[in-house]
Amino acid sequence: MPNIAVFIEQRDGTVKKVAWQMIAKARTIVEAAGGEVWGVVLGDADVGEAGAHGAHKVFQAKGDALTTYNCEGWSRALATFCEAHSPDLLLVGSTAMGKDLAPRLAARIDAACVSDCVGIEWSDGFTIRRPIFAGKCYADVKVNTALAVVGVRPNAFTLGESGGGSAVTESFDAGLEGFVPKAKVAERQQAGGKKIELTEAEVIVSGGRGLKEAANYKLIEDLAETLGAAAGASRAIVDAGWVPHANQVGQTGKTVSPKLYVAIGISGAIQHLAGMSSSKCIVAINKDPNAPIFKAADYGIVADLFDVVPAFRDAIAALD
Amino acid sequence: MKIAVCVTQVPDSETRINLAAPASELDQSGFTRVLNPYDAFAVEEAVQIKERLGADCEITAITIGGDKVLETIKKDCLAVGCDKAIRVNDDAMIGADSMQVAKVLAAIIKRDGYDLVLAGKQTIDGDSGQVGPMLAEYLDCGHASVVTKLELADGTFTATREIEGGAEIVTGALPAVITCQKGLNEPRLPSLPNIMKAGMKPQETVSCADLGIDVPPAHTTVTTYTPPAPRAACRIVENEDPAAAAKELARLLRDEAKVI
């Protein structure tokens, strides 16, 4: 009868979608195995919909120390919660915050830590499936401790049918009175506009060396905008300085698994394929019919990208 | 200033995993091992800090591994500017999990005392990204992970770390642990004369017993490695007219794949 706690990540009151996905997954596990799903939220946020996604209860701590993310303080707050309620599993989104927080928390409470989970099995103990080598292979990881802190990749689990349930919110004391962290976030800089984050995007359009020069990356950005997609890039054009490294998809960049991945002018080096091969549907546009990208793709067009991409964008825009 | 750079060896990014069916072990026979690419940013950052500070700075590369790691330590750490190296060579650490690695690294860092600990943000084989923040917890110091810019002044650091669609500026006191992300710097390549000279730099090899630590049992165990599900063959949309092919592709994505 495992009790599963889910960290509900929020910044400025906005909750990350992965939190609801984790709650929905946790609910399916406890439906079969017994136990409860507990949402845990630090700081001020409206988490009223947690119950509808499957949480039985929500625990919330508020206070000055919880208005801005701080790894030392927030890991202490979650440790306080875990010590008081002894969950068997604590799920944390594999986001910038979650990846920073989960290992420090796990070290603090001597719990197992598993990153980038894409599958969870319960059978008298948890086994976590996660990609390694950026997705060239999957590892099933057995947890040897009473509590595991597990990072869950965004979009690995889908939201269930909303159960329409409601969860009682109980407040708890994070135990941070008088605590002074050794490092803190002094400032947060958010890029302007509504740029979609690669690791959270449902659709990604990526460009590679076939674009010939930096200015032509605009073709990728324009198509991405039409599709409501994030814009990605191969290592080659990141290393050439055409686009920032934050856009890089691959083994030394971001590992992504969107619904649709469109690779344009990308030959498909193995380290790039590793980073995107778990995408649900892959489209390749490349003039070289022998490019390895076509082996990974579901749909392809063998032609000059400069002829295809503007027409493809028009065709998408013209869809009903 | 004393800087520790935690480094490890990984199969290079061109590595193919030969795995036809689920297995309890990975066939590592064809692997070419290199310095973890993110650790190269940590080494380069340390060397650039030393270049700014002058002689009053010492860089120690710390690693865990068998004899195979020695070439990487020499060529990619000592030959590019690290002053010395410490290697933990202990059978107990074969297949260690992040907790075990962080505990052993913490033991060395506590023994010697460092002002700054640099590491890669993650390895490119395990991909966990756990060791840096765990190490900071064991050392009871501040940290910043996934850092693309680092400034030091008067016993403090200011680090820019990558977050979704932006950055966080993290400030804190030294000692601290910083994990390095691509974009922080451009790692230099070792010159041949420096590779020759690197063999003369001090290298210490220790066991866990030498460090006085009893490594706790692993918190996690990999039971099975599974290859990704195979993909169906690619459907090439053929048409003499690229614009017509593009139109057909858009239709297929909507009506057949149902992804737009």
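The paragraphs below set out a description of the structure included in this document.

About the criteria used
Residues numbered from 1 in each chain as written. Chains lettered and ligands numbered in written order. Predicted model: local features only at pLDDT ≥ 70, side-chain atom pairs only at ≥ 80, totals over all residues. Helix = DSSP H or I, 4+ residues; strand = E, 2+ residues; numbered from the N terminus. Rg over C-alpha atoms; globule rule 2.2 N^0.38 Å. Buried ≥ 20, exposed ≤ 12 C-beta atoms within 10 Å, placed from the backbone. Contact = placed C-beta atoms within 7 Å. Pairing = 2+ DSSP bridges. Axes fitted to C-alpha atoms, helices over the stretch in contact; angles between N-to-C directions.

Remarks on the overall build of chain A
Phase 1 of the analysis: Scanning chain A from terminus to terminus reveals nine helices and 18 strands.
Phase 2 of the analysis: Taking 320 residues into account, the globule formula puts the C-alpha radius of gyration at 20 Å, and chain A, at 21 Å, falls close to it.
Phase 3 of the analysis: Along the first, second and third principal axes, the C-alpha atoms of chain A reach 60 × 45 × 40 Å.
Phase 4 of the analysis: The burial tally for chain A puts 58% of its 320 residues in the buried class.
Phase 5 of the analysis: Within chain A, contacts between residues separated by at least 24 positions form 65% of all contacts whose residues are at least 6 apart in sequence.

Topic: the interface of chain A and chain B
Phase 1 of the analysis: The partner chain B presents 74 residues to the 75 residues of chain A that form the contact.
Phase 2 of the analysis: It is strand S13 (residues 183-190) of chain A that contributes the most residues to the side of chain A that touches chain B, eight residues altogether.
Phase 3 of the analysis: Direction of pairing for strand S18 (residues 299-302) of chain A relative to strand S13 (residues 235-236) of chain B: parallel, over a ladder of two bridges. Looking at the pairing, Tyr-299 of chain A lines up with Arg-235 of chain B of S13 of chain B.

Observations concerning the sheet that holds strand S9 (residues 166-173) of chain B
Phase 1 of the analysis: In space, the 10 strands of this open sheet follow the order S13(A)-S9(B)-S8(B)-S7(B)-S10(B)-S6(B)-S1(B)-S4(B)-S5(B)-S11(B), with mixed pairing throughout. Unpaired on one side and paired on the other, S13 of chain A together with strand S11 (203-206) of chain B mark the two borders of the sheet. Geometrically, the sheet is characterised by an average inter-axis angle of 30 degrees between neighbouring strands, direction not taken into account.
Phase 2 of the analysis: With five bridges connecting them, strand S6 (residues 116-120) of chain B and strand S10 (residues 176-180) of chain B associate as parallel partners. The residue of S10 of chain B that forms the bridge with Val-117 of chain B is Val-177 of chain B.
Phase 3 of the analysis: Across the sheet, helix H1 (residues 37-53) of chain B is in contact with strand S1 (2-6), strand S4 (58-64), S6, strand S7 (142-153) and S10 of chain B; its angle to S6 of chain B comes to roughly 150 degrees.

Examining the environment of Val-7 of chain B
Residue and element names in this part refer to chain B.
Phase 1 of the analysis: You can see Val-7 is positioned in the loop between S1 and strand S2 (9-11).
Phase 2 of the analysis: A tally of 27 C-beta atoms within 10 Å means that Val-7 is categorised as buried.
Phase 3 of the analysis: Leave out the neighbours within four places in its chain, and Val-7 touches Leu-35, Asn-36, Asp-39, Val-43, Ala-61, Thr-63 and Cys-77.

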